[in-house]
Amino acid sequence: MTLGKETGGFSLKSVSGVDWNDWKWQFRNRIRSMRQLAAIQQRPVASLAPCRPVLRTYPIAITPYYMSLMDPADENDPLRRQCFPDPRELTFSLGGVPDPLAEESNMPVPGLIHRYPDRCLAIVTGTCAVNCRHCNRKRKWRAAQPGGERERLQAMVDHVARTPALREVIVSGGDPLLISEPLLDWFLGALRAIPHVEILRIGSRAPVTLPMRITPELCAMLKRHRPLWFNTQFNHPREITEESTRACEMLLEAGIPIGNQSVLLKGVNDNYDSMRELLCGLVRISIRPYYLFQCDPVQGTDHFRVEIPTGMEIMERLRQNISGLCLPRYVLDCPGGSGKIQL
Ligand code: SF4
């Protein structure tokens, strides 16, 4: 794969192994523009004109690593569908809204979603390695901050500290592994020091889209804050690679259990064979399939929505053919933020 010099890109052949395995290099060299996208597909930029307004609303970001896993010329490639802009993101035919789970109205302090009595979710950054087109927080991409500032995170810690009912904090984003390591260390430590906080959880797609981010130093830091659970999001069996497997192994060796929360996505994993291969593959690398989410009615994701009966049919076939260990719970996050129901 080549991104010409004139695009500010690179040729995969010319990248050293050291650079390729350096997560900061991967992050710096993310595909961020129409010109780069056109170069990858070896098409004139003008042919991507229908995508221009999409990128103005929903920017693109794809790591070279994730790009290397797909066929960028194949419109039906299930990995490409997750990260390439699509003009359908601007057709709101199914009536989606930017924030169907009413997260913004359940924030006692900026960035801290407190919907359930005993747990809350901290959005520590709006930045991700790859902007997944099906993201339920894609409304935040335009305003994404590179990292959580100490004062903002301190306000979250203060809220948790003065709310004794909170026993679990989910550290999420964006991708929390993209804020500076010392800041994340401090934040986890400050939460861990609160006597009523029993469990910390990290939600990150880095093992899938930027597996180089899982370094020995990061694992050593996370290990200090156990009990810490890690949830990630593999959506397709082709995302289970040597690199992502190694990243997960490192977390597991640090004593951090990993669960997976897939999203049911049209054209990506809405069929029995892909889902079976994904779930069995996850268990093979010691990841517990936890949830299969029905795609939320988020504005800009209509084309990913799968009918619930189709999802239930897939689940029923899975139930008949694979072990219980491989079966996630198929859930719908109720619009308005009133919680999850199992389908
Ligand atoms: S990694 Fe998660 S938060 Fe980031 S864009 Fe993808 S789905 Fe959204």
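Because the structure is a prediction, the values reported are computed rather than measured. (Residues numbered from 1 in each chain as written. Predicted model: local features only at pLDDT ≥ 70, side-chain atom pairs only at ≥ 80, totals over all residues. Heavy atoms only, no water.)

## Remarks on the packing of aromatic side chains
We count it as follows: Only Phe, Tyr and Trp rings are paired, with Trp represented by its six-membered ring, and only when their centres lie within 6.5 Å; those with planes under 30 degrees apart are stacked, over 60 edge-to-face, the remainder tilted. Partly exposed describes any residue whose relative accessible area lies between the buried limit of under 20% and the exposed limit of over 50%, with all areas from a 1.4 Å probe on protein chains only and scaled to the type maximum. Comment: the charge-over-ring label is applied if NZ (Lys) or CZ (Arg) is within 6 Å of the ring centre and within 35 degrees of the ring normal.
All chains considered together, the criterion is met by five aromatic pairs. Their ring planes at 35° and their centres at 6.3 Å tell us that W186 and F187 sit as a pair that is tilted. For the pair W186 and F187, one class covers both residues: buried. An aromatic cluster is defined as three or more aromatic residues linked by ring pairs; in this entry it consists of Y290, Y291 and F293. Looking at R30, its charged tip hangs above the ring of F27, at a distance of 3.9 Å from the centre. Sitting over the face of the ring of W23, R213 holds its NZ or CZ atom 4.3 Å from the ring centroid.

## Some details on the site of the ligand
What counts, and what does not: By convention in these notes, a residue is near a molecule or strand provided one of its non-hydrogen atoms lies within 4 Å of it. Throughout, the ten residues Ala, Val, Leu, Ile, Met, Phe, Trp, Tyr, Cys and Pro are labelled nonpolar, Asp, Glu, Lys and Arg are labelled charged, and all others, Gly among them, are labelled polar.
In the neighbourhood of the ligand, the contacting residues comprise C128, V130, C132, C135, W141, G174, R205 and Q233. Considering only residue class, the shell around the ligand consists of five nonpolar, two polar and one charged.

## With respect to the sheet that holds strand 4 (residues 199-203)
Put simply, the rule reads: Pairing between strands is defined by DSSP: at least two bridges between the two strands are required. Per the convention used, a helix needs a DSSP run of H or I reaching at least four residues, while a strand needs a run of E reaching at least two, with both numbered from the N terminus. Angles run from 0 to 180 degrees between N-to-C directions of axes, and those axes are lines fitted to C-alpha atoms, restricted for helices to the stretch in contact.
Within the open sheet, the nine strands sit side by side as 1-2-3-4-5-6-7-8-9. Their pairing is mixed. On the outer flanks of this sheet lie strand 1 (112-116) and strand 9 (340-342), each paired with one strand and no other. The mean inter-strand angle of the sheet, taken between neighbouring strand axes irrespective of direction, is 25°. Direction of pairing for strand 6 (residues 258-264) relative to strand 7 (residues 288-294): parallel, over a ladder of six bridges. Looking across to strand 7, one finds that Q261 is bridged to Y291.

## Side note on helix 12 (residues 272-284)
The following threshold applies: A helix is expected to reach a length of 1.5 Å times the quantity of its residues less one. In the analysis that follows, any N or O atom pair within 3.5 Å is treated as a polar contact, provided that within protein one partner can donate a hydrogen and the other can accept it, and provided that, for residues neighboring in sequence, both atoms belong to side chains.
With 13 residues, helix 12 ought to run about 18 Å at 1.5 Å a step, and its terminal C-alpha atoms sit 18 Å apart, in line with that. Within the sequence span of helix 12, burial applies to Y272, S274, M275, L278, L279, G281 and L282. Capping the start of helix 12 is the job of one residue whose side-chain oxygen sits 3.3 Å from the backbone nitrogen of D273: N271. Of the residues one or two after helix 12, S286 is the one with positive phi, at around 70°.

## Digging into the domain arrangement of the protein
This is how the line gets drawn: Residue ranges assigned to each domain were obtained from an automatic or database domain assignment. Working rule for contacts: check all heavy atoms of both residues, and any pair within 4.5 Å makes them a contact. Buried area: the accessible surface (1.4 Å probe) lost by two parts on joining, summed over both.
Partitioning the protein into domains gives domain 1 (5-90) and domain 2 (104-342). Taken over C-alpha atoms, the centre of domain 1 sits 24 Å from the centre of domain 2. Facing the 35 residues of domain 1 at the interface are 35 residues of domain 2. In this assembly, domain 1 packs against domain 2 so that about 2800 Å² is buried in total across both faces, 56% of it on carbon and sulfur atoms. Together, W23, Y65 and Q82 form the three largest contributors to the area buried by domain 1 at its contact with domain 2, with a combined 28%.

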